[in-house]
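Secondary and tertiary structure notes
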Amino acid sequence: MPSMTPRVGSDITKLAPGFRALSILVDAATITNMSVGSHALQRACQSVAAGGAPWAEAHLAAWAEVFKQFGAKPQRTPCSAEALRKRVLRDGELPSIDPIVDLYNAISIEYAIPVGGENLVAYEGVPRLVVADGSELFDTMKEGLPAHETPEPGEVVWRDDKGVTCRRWNWRQGVRTRLSVESEQMWFILESLPEMPLAALQEAGDRLIAGLLAMMPGARIEQELIGCQSGA
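Under an unreviewed UniProt entry, the protein chain has the name B3/4 domain-containing protein and belongs to Aeromonas encheleia.

If you want it as structure tokens, here you go:
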């Protein structure tokens, strides 16, 4: 398994002191249990309906404040965890998309944490979290057709050597690096702020890894804590 450590720009640590994340690399194997993701998603929706994680409100509020600092409007473009949570509270469930996507969405919902899943083979260079200058390209879909757009100057984005892979930190993923069950190498990033206990971040990562191994027992998985490694 090739090693890879995502980079976090110094501007990001100034913007969000205490930001830390779990980076999880996966050499995928044949999926033998397709129902793991959907079952996890169902449990996560039930957990939210029952009140959810005790840190959920504070953690998502902290993400909203960070989004405001780089010019995003969290009411219109919330962090990914907030968007999923709102859908679950509104509809009582979240539709199944793909076994892998269902699994990491379930972790995001249950732990109130933004979770990204990417096809690492599609990356050019190392993933890095940076402040955009506005010239970068982001591939997306508009009216059912492939399209490109650019982030706002000062916007926080994930990117590689080719362009932006996720806009507004963790709001919208690009098409090029989108993950599915066919992906041979997967990268997951679980992003937290100090309002979420570090032990809970690590527990979320353990739950994701356990689900992946239950889904594809032959997978090889590595994890690494990046960003600020201190805190409760």
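**Digging into the sheet that holds strand β3 (residues 115–119)**
As summarised here, the arrangement of the four strands in space is β3-β10-β2-β11, forming an open sheet in which the pairing is antiparallel. Of all strands in the sheet, those with a lone pairing partner are β3 and β11 (220–227), marking the two edges. If you compare each strand with its neighbour and ignore which way they point, the axes differ by 15° on average. Looking at chain direction, strand β2 (residues 20–27) and β11 are connected through eight bridges and run antiparallel. By the bridge assignment, I24 is partnered in β11 with Q223.

**What to know about unusual backbone geometry**
Residue A112 is not a glycine yet carries a positive backbone phi of 50°. By the element assignment, A112 lies in the loop between α5 (99–111) and β3. By relative accessible area, A112 is classed as buried at 3%. With phi around 65°, W169 is a residue other than glycine that occupies positive phi space. Relative to the assigned elements, W169 resides in the loop between β8 (164–167) and β9 (172–173). Taking relative accessible area as the criterion, W169 reaches 0% and is therefore assigned buried.

**Let's talk about the UniProt feature "domain: B3/B4 tRNA-binding" (unreviewed entry) in the protein chain**
As recorded in UniProt, the sites labelled "domain: B3/B4 tRNA-binding" (unreviewed entry) are residues 61–217. Within the segment residues 61–217, helix and strand shares are 33% and 24% respectively, and the terminal C-alpha atoms sit 37 Å apart.

**Comments concerning the pattern of salt bridges**
By the definition in use, this model includes 11 salt bridges. Residue K142 is joined to E149 by a salt bridge in which the shortest nitrogen-to-oxygen separation is 3.6 Å. Overall, the relative accessible area of 14% leaves E149 in the buried class. Notably, a salt bridge pairs E155 with R167, separated by 2.7 Å at the nearest N-O pair. With E155 in the loop between β6 (145–149) and β7 (156–159) and R167 in strand β8, the pair connects residues that are 12 residues apart, well separated along the chain. For the residue pair E155 and R167, the accessibility class agrees, reading buried in each case. Here the salt bridges do not stand alone but share partners, grouping K142, E149, E155 and R167 into one network.

Thresholds applied
- Residues numbered from 1 in each chain as written.
- Predicted model: local features only at pLDDT ≥ 70, side-chain atom pairs only at ≥ 80, totals over all residues.
- Heavy atoms only, no water.
- Pairing = 2+ DSSP bridges.
- Helix = DSSP H or I, 4+ residues; strand = E, 2+ residues; numbered from the N terminus.
- Axes fitted to C-alpha atoms, helices over the stretch in contact; angles between N-to-C directions.
- Buried < 20%, exposed > 50% of the residue type's maximum accessible area, 1.4 Å probe, protein only.
- UniProt positions renumbered as here; feature names shortened; annotations may be inferred.
- Salt bridge = Lys/Arg side-chain N within 4 Å of Asp/Glu carboxyl O.

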